[in-house]
There are 2 protein chains.
Amino acid sequence: MAETTERVLQQTGAARSAAAVLARSSQADRDRGLRAYAGTLSAQRREILAANAADLAAADSAAGGAPLATALRQRLKLDAAKLDELIAGLEAVQAMPDPLGRETLATQLDDGLILRRLTCPIGVVGVIFESRPDALVQIAGLALKSGNALVLKGGSEAEFSNRALHAALASALTATGFPVGALALIETRAEVAALLQATAHVDLLIPRGSNALVRAIQHGTTIPILGHAEGICHVYVDQAANLEQALRIACDSKTQYPAACNAAETLLVHRAVAGRFVPGLVSALGAAGVEVRADQAARAFAGEELRLASDADFATEHGDLVVSLRVVEDLDQALAHIARFGSRHTEAIVTEHAAAWERFRSEVDAAGVFRNASTRFADGYRYGFGAEVGIATGKLHPRGPVGIEGLVTYKYVLEGEGHVVADYSGPAARRFQHRSLPLQDG
Amino acid sequence: MAETTERVLQQTGAARSAAAVLARSSQADRDRGLRAYAGTLSAQRREILAANAADLAAADSAAGGAPLATALRQRLKLDAAKLDELIAGLEAVQAMPDPLGRETLATQLDDGLILRRLTCPIGVVGVIFESRPDALVQIAGLALKSGNALVLKGGSEAEFSNRALHAALASALTATGFPVGALALIETRAEVAALLQATAHVDLLIPRGSNALVRAIQHGTTIPILGHAEGICHVYVDQAANLEQALRIACDSKTQYPAACNAAETLLVHRAVAGRFVPGLVSALGAAGVEVRADQAARAFAGEELRLASDADFATEHGDLVVSLRVVEDLDQALAHIARFGSRHTEAIVTEHAAAWERFRSEVDAAGVFRNASTRFADGYRYGFGAEVGIATGKLHPRGPVGIEGLVTYKYVLEGEGHVVADYSGPAARRFQHRSLPLQDG
């Protein structure tokens, strides 16, 4: 245990040193590193696929001869096409504009005293992700582009694949002159426990995985965390909804990928349209294999045979083909329901009524607030951010789907000519000018 | 105790409800509220000054007849001039542009499917501040402008003043139609303890005060905190420094207000200029009443009678007329010292050498990185942010001096025409356009 702690402290310490090198590296150098990432993945294709085959075999044999559940196997499996996608993804990240050194504020405080706010890397980022080994490559690409050192912990089912991918990327780092400490791989739970305690060397943790994983990490560290514990998203069908749209949106939000955090868990329907809308909704959901749990009011429209929805249902992220249904008296009741049960992830209203949308948009407290669109659009790729490192439901920056922008922070850079504060106090005090300057870029 | 918890839960619950009202309020309404804040302060001037006189009398008598330390008394005391300043400050905040509803991203995802990122309030903010009662008014003004509900805890020495100020502002809220729950005042330590546990109702805590206060709050809650525990700032005098500037900057950084978090605690001097610079520096600091603690190398230049600086000194925020002094071999050693002992607040280099500045600027990991200027400029007012709600040394937004911008976050707002994600997958998938739109404002 003490040995593990010591080893992880060495790794995170090396990551901290590497972060300083990355922080002063040029865009050209980081882009060269990204092209080397793509090149070694391509060159070591055979080794990577062999390692992946070993993971698949181990998983199948652990499953006692029975083949793994298809979804898990699909997530775990790498093949030539997936590797090509990963390589294309790295090339796309390489082609993105430099996220660092962008000026987001420039003010002349006084003659010769210029304040600038410049984007800069966060530093050392720890990412704990589940089975998909492709995530390792995607995250490593975003981190190098944004000048951050990484400590990665992948799923144990993908142990051989992760080692092969990590070895390929590490050799690319070395070949392009970056310290290999910029990309560390850890593997055991004990190492994760040590990572959570490495407060001096780790600036941000990104847990990607189950609620249980995120919660465990939230409670085990004082390092800031980018993540979300739950996705309890709602679709509210207003009295002024286009009901044909409402049906499509409700079904897509629930069924298009029920395990995702941006899938809807509860549908709220205004009483004025419940008679026309609920029976068709329930039969469409039933046809898609969805179990509907309805409150008393909804059962009056949908059929008394439906299981009664309890408060516990409204508070649950089913992550499966189960949905709660409630008939509300008005927009106020819908807003109150969302405020009570929502997890601040993504909330949608279906309405043609501008005033209802205005209220919903201002009052709903969530990272995503949608009108006439499926909650499933809440995603970095669909938002146009390229790859996504995680999704955040906290109030502070970054929130929502987090792309490369979430991997940069900023610093205030002040340049003077010997300016001292004493000159700005007392009876003969100089006055600040606070003149905004045109931004150089960004 | 259970009663206290119950009462604070009621207050924070009311703040949560008030936050929803504030989130949908118009700029005109919030500005009307700010003018009412200014008006009632002016109208209730007599009551406020009487309450403040009672606090001063209580403090003097608690000090056993001896008048309070001048600095503390100055911070506690309100007078007509200070009230006028507070009123002018509220009027200035009222005149600021609306920080809410600003578009910071706009992308057409597809025909009829528009994504926007709009600034919005954080929600319920708890602020724990020390003796200055003026802080109550300044924070209340920024919070109302930015649509946030507040729970305030002031210093117990200012109990009567805080009550009088709070009563005045609360009556202004009522008079302009805002829920009085938007501005709650709590007073006891037990209430603070209950506030730290009110995770469902409080989105952000801002402790303003001593390191001990900030640390205690960091360890007592899982609510996100905006703050900083320490300000260990450095001034590094490079071999290419203008030594006249260096002397002014070093003295200002240390002596202009030594109790402030942005005062310098350690001066680092390049060996190449130590012989010419250190003796004059030490005598100037001595003349200003500063105790200098020097490392062995510095004592060789400054005199062996100086107390030897230990690592403990380098790790201490003196907050007083004490400074540590070290002679370093080169920029690398200066950067390593800052990385080891700095608190990521503000770091300054004095140099005429562009390459040294470039390295210092990229490699120093701090919210403020200055060239040829005093660390004391790290301040919301001096940066041109107007009032300051706090200062943050964390890596995530907001960091540095935090003005009204730190009291807003953003949400992603998506408007469609019945769009569903299923249409974007499978063989006949629609393609996303991801076309950037001109921003409406901001």
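Our structure is the block above this text.
Residues numbered from 1 in each chain as written. Chains lettered and ligands numbered in written order. Predicted model: local features only at pLDDT ≥ 70, side-chain atom pairs only at ≥ 80, totals over all residues. Heavy atoms only, no water.

## Here we look at the overall build of chain A
Note the cut-off: Helix and strand definitions follow DSSP, with helices as H or I runs of at least four residues and strands as E runs of at least two, each counted in order from the N terminus. Relative accessibility thresholds used throughout: buried, under 20% of the residue-type maximum; exposed, over 50%; partly exposed, between the two (1.4 Å probe, protein chains only). Pairs of residues are marked as contacts when any of their non-hydrogen atoms sit within 4.5 Å. The Shrake-Rupley method, run with a 1.4 Å probe, gives the accessible areas here. Residue values count only the displayed protein chains as cover. Charge counting follows a simple rule: Lys and Arg are positive, Asp and Glu are negative, and His as well as the terminal groups are ignored. Lysine's charge is taken at NZ, arginine's at CZ, aspartate's at CG and glutamate's at CD.
In terms of regular secondary structure, chain A is built from 16 helices and 17 strands. Its C-alpha atoms give chain A principal-axis dimensions of about 75 × 75 × 40 Å. Burial status across chain A gives 56% buried among its 442 residues. In chain A, the proportion of contacts linking residues at least 24 apart, taken out of those at least 6 apart, comes to 72%. Carbon and sulfur atoms make up 53% of the accessible area of chain A, which amounts to about 17,000 Å² in all. Looking at chain A, you have 43 positive and 50 negative side-chain charges, and the mean spots of the two groups are 2 Å apart.

## As for the packing of helix 2 (residues 27-43) of chain B against helix 6 (residues 134-145) of chain B
Residues and elements named next belong to chain B. Counted only if it meets this: In this analysis an axis means a line fitted to C-alpha atoms, helices contributing only their contacting stretch, and an angle means the value between N-to-C directions, from 0 to 180 degrees. Orientation categories follow fixed angle ranges, with anything under 35 degrees roughly parallel, anything over 145 roughly antiparallel, 65 to 115 roughly perpendicular, and all other angles oblique. The hand of a helix crossing depends on one turn: near helix anticlockwise from the far one by less than a right angle means left-handed, and clockwise means right-handed. The residue classification treats Ala, Val, Leu, Ile, Met, Phe, Trp, Tyr, Cys and Pro as nonpolar and Asp, Glu, Lys and Arg as charged. All others, Gly included, are polar.
Their axes nearest at 9 Å, the elements helix 2 and helix 6 cross at an angle of 160°. Between helix 2 and helix 6, the crossing angle belongs to the class labelled roughly antiparallel. For the pair helix 2 and helix 6, the sense of crossing is right-handed. Touching Gln27, Arg30, Asp31, Gly33, Leu34, Tyr37 and Leu41 of helix 2 are Val137, Ala140, Gly141, Leu144 and Lys145, all from helix 6. Grouping the amino acids of the contact of helix 2 with helix 6 by side-chain chemistry returns six nonpolar, three polar and three charged.

## Here we look at the interface of chain A and chain B
In plain terms, the rule: Summed over both partners, the accessible area lost on bringing two parts together, with a 1.4 Å probe, is the buried area. By salt bridge we mean one thing: a side-chain nitrogen of Lys or Arg within 4 Å of a carboxyl oxygen of Asp or Glu. Each polar contact in these results corresponds to two N or O atoms within 3.5 Å; when the atoms are within protein, one needs to be able to donate a hydrogen and the other to accept it, and residues that are neighboring in sequence are counted only if both atoms are side-chain atoms.
Each partner contributes to the interface: chain A provides 73 residues, whereas chain B provides 73 residues. Summed over both partners, the interface of chain A with chain B buries about 6,200 Å², with 56% contributed by carbon and sulfur atoms. A salt bridge links Arg24 of chain A to Glu363 of chain B; the shortest N-O distance between them is 2.6 Å. Across the contact surface, chain A and chain B share four residue pairs in polar contact (both at pLDDT 80 or more).

## Some words on the state of the cysteines
Defined as follows: Two cysteine sulfur atoms form a disulfide, by the criterion used here, when they sit within 2.5 Å.
Under the counting rule described, the total for this entry stands at zero disulfides over all chains. With no disulfide of its own, Cys233 of chain A has Cys261 of chain A as its nearest cysteine by sulfur position, at a separation of 6.9 Å.

## Things to note about the packing of helix 2 (residues 27-43) of chain A against helix 7 (residues 159-175) of chain A
Residue and element names in this part refer to chain A. Closest axis-to-axis distance for the helix 2/helix 7 pair is 8 Å, and the angle between their directions is 135°. Put simply, helix 2 runs oblique to helix 7. In the packing of helix 2 onto helix 7, the handedness of the crossing is right-handed. Residues Ala36, Tyr37, Thr40 and Leu41 of helix 2 form the contact with helix 7, whose own contacting residues are Leu165, Ala168, Leu169, Ser171, Ala172 and Leu173.

## Here's the deal with the relation of the copies chain A and chain B
Inclusion rule: Least-squares fitting of one copy onto the other uses the C-alpha atoms of those residues that reach a pLDDT of at least 70 in both copies.
Superposing chain A onto chain B takes a rotation of 180° combined with a translation of 0.0 Å along the rotation axis, leaving an RMSD of 0.1 Å. Such a turn and shift between the copies fits a two-fold axis.

## A word on helix 10 (residues 243-255) of chain A
Each α-helix winds once per 3.6 residues, and so residues spaced three or four apart point in a common direction. Residue and element names in this part refer to chain A. Note the cut-off: What a helix should span is 1.5 Å times the count of its residues minus one.
Here helix 10 is 13 residues long and its end C-alpha atoms lie 18 Å apart, about the 18 Å a rise of 1.5 Å per residue gives. Where helix 10 is concerned, the buried positions are Leu243, Gln245, Ala246, Ile249, Ala250, Cys251, Asp252, Ser253 and Lys254. Near the N-terminus of helix 10, the side chain that reaches the backbone nitrogen of Glu244, with its oxygen 3.0 Å away, is that of Asn242.

## Some thoughts on unusual backbone geometry
Glycine aside, residues mostly have negative phi, and peptide bonds are mostly found in the trans state. Its identity as a non-glycine residue notwithstanding, Arg344 of chain A has a phi of 65°, on the positive side. When you line up the elements, Arg344 of chain A lands in the loop between helix 14 (331-341) and strand 12 (346-350). Taking relative accessible area as the criterion, Arg344 of chain A reaches 23% and is therefore assigned partly exposed. In this structure, Asn372 of chain B is a non-glycine residue whose phi angle is positive, near 55°. Structurally, the position occupied by Asn372 of chain B is in strand 13 (residues 368-373).

## Digging into the pairing of strand 4 (residues 149-153) of chain A
Residues and elements named next belong to chain A. Note the threshold: Whether two strands pair comes down to DSSP finding at least two bridges between them. For a crossover, the right-handed case is the one in which the path from the first strand over the helix to the second runs clockwise, viewed with the strands pointing away from the viewer.
Of all five residues making up strand 4, five are buried, and the element is well covered by its neighbours. Sheet topology note: the strand 3 (residues 124-129)/strand 4 ladder contains five bridges and is parallel. Along strand 4, the bridge assignment pairs Val127 with Leu152. Here strand 4 runs beside strand 5 (residues 183-186); their pairing, made up of four bridges, is parallel. Counted as the bridge partner of Leu150 is Leu183 from strand 5. Between strand 4 and its parallel partner strand 5, the chain crosses via helix 7, and the hand of that crossover is right-handed.

## Some words on helix 6 (residues 134-145) of chain A
All names here are of chain A. Given a rise of 1.5 Å per residue, 12 residues ought to cover 16 Å, and the 17 Å separating the end C-alpha atoms of helix 6 matches this to within 8%. Burial analysis of helix 6 places 11 of its 12 residues in the buried class, the great majority of the element. Of the positions making up helix 6, those classed as buried are Asp134, Ala135, Leu136, Val137, Ile139, Ala140, Gly141, Leu142, Ala143, Leu144 and Lys145. A positive backbone phi angle near 70° is found at Gly147, which sits one or two residues after helix 6.

## As for the packing of aromatic side chains
Residue and element names in this part refer to chain A. Note the threshold: Each Phe, Tyr or Trp ring, with Trp reduced to its six-membered ring, pairs with another whose centre is within 6.5 Å; inter-plane angles below 30 degrees give stacked pairs, above 60 give edge-to-face pairs, and intermediate values give tilted ones.
All told, the structure shown has two aromatic pairs over all chains when counted by the stated rule. Seen in terms of ring centroids, Phe314 and Phe341 are 5.7 Å apart; in terms of plane orientation they differ by 50°. Their pairing is tilted. Here Phe341 lies in helix 14 and Phe314 lies in helix 13 (residues 311-314), a separation of 27 residues in the sequence. A single burial state applies to Phe314 and to Phe341, both of which are buried.

## Here's the deal with the sheet that holds strand 3 of chain A
All names here are of chain A. What the four strands build is an open sheet, ordered 5-4-3-6; its pairing is parallel. With partners counted over all chains shown, the strands left at the sheet margins are strand 5 and strand 6 (204-208), one partner each. Recorded for the sheet is a direction-independent mean angle of 20° between the axes of neighbouring strands. Lying on the sheet, helix 6 is in contact with strand 3, strand 4, strand 5 and strand 6; it crosses strand 4 at an angle near 165°.

## Re the sheet that holds strand 3 (residues 124-129) of chain B
Residues and elements named next belong to chain B. The parallel open sheet is built from four strands, whose spatial order is 5-4-3-6. The sheet terminates laterally at strand 5 (183-186) and strand 6 (204-208), the two strands that pair on one side only. Looking at each pair of strands side by side, their axes are set apart by 20° on average, direction ignored. Where strand 3 and strand 6 come together, five bridges link them in parallel fashion. Within the sheet, the bridge partner assigned to Phe129 lies in strand 6 and is Arg208. Along the sheet face, helix 7 (residues 159-175) touches strand 3 and strand 5 and points at about 160° away from the line of strand 5.

## Focus: the pattern of salt bridges
Residues and elements named next belong to chain A. For the structure shown, the criterion picks out 50 salt bridges over all chains. As a salt-bridge pair, Glu265 and Lys254 come within 3.4 Å of each other at their nearest N and O atoms. You can see Glu265 sitting in strand 8 (residues 264-270) and its partner Lys254 sitting in helix 10, a full 11 residues away along the chain. Using a relative accessible area of 0% as the deciding quantity, one classes Lys254 as buried.

## A look at the environment of Glu85 of chain B
Among the secondary structure elements, Glu85 of chain B is positioned in helix 5 (residues 80-95). When the C-alpha atoms of Glu85 of chain B and Val323 of chain B are compared, they prove to be 34 Å apart, with 238 residues separating the residues in sequence.

## Some points on the environment of Arg435 of chain A
All names here are of chain A. Structurally, the position occupied by Arg435 is in strand 17 (residues 435-436). In this structure, the C-alpha to C-alpha distance between Arg435 and Ala2, residues 433 residues apart in sequence, is 55 Å. Setting aside chain neighbours within four positions, we find Arg435 in contact with Ala106, Thr107 and Gln108.

Honestly, it's all geometry; don't read function into it.
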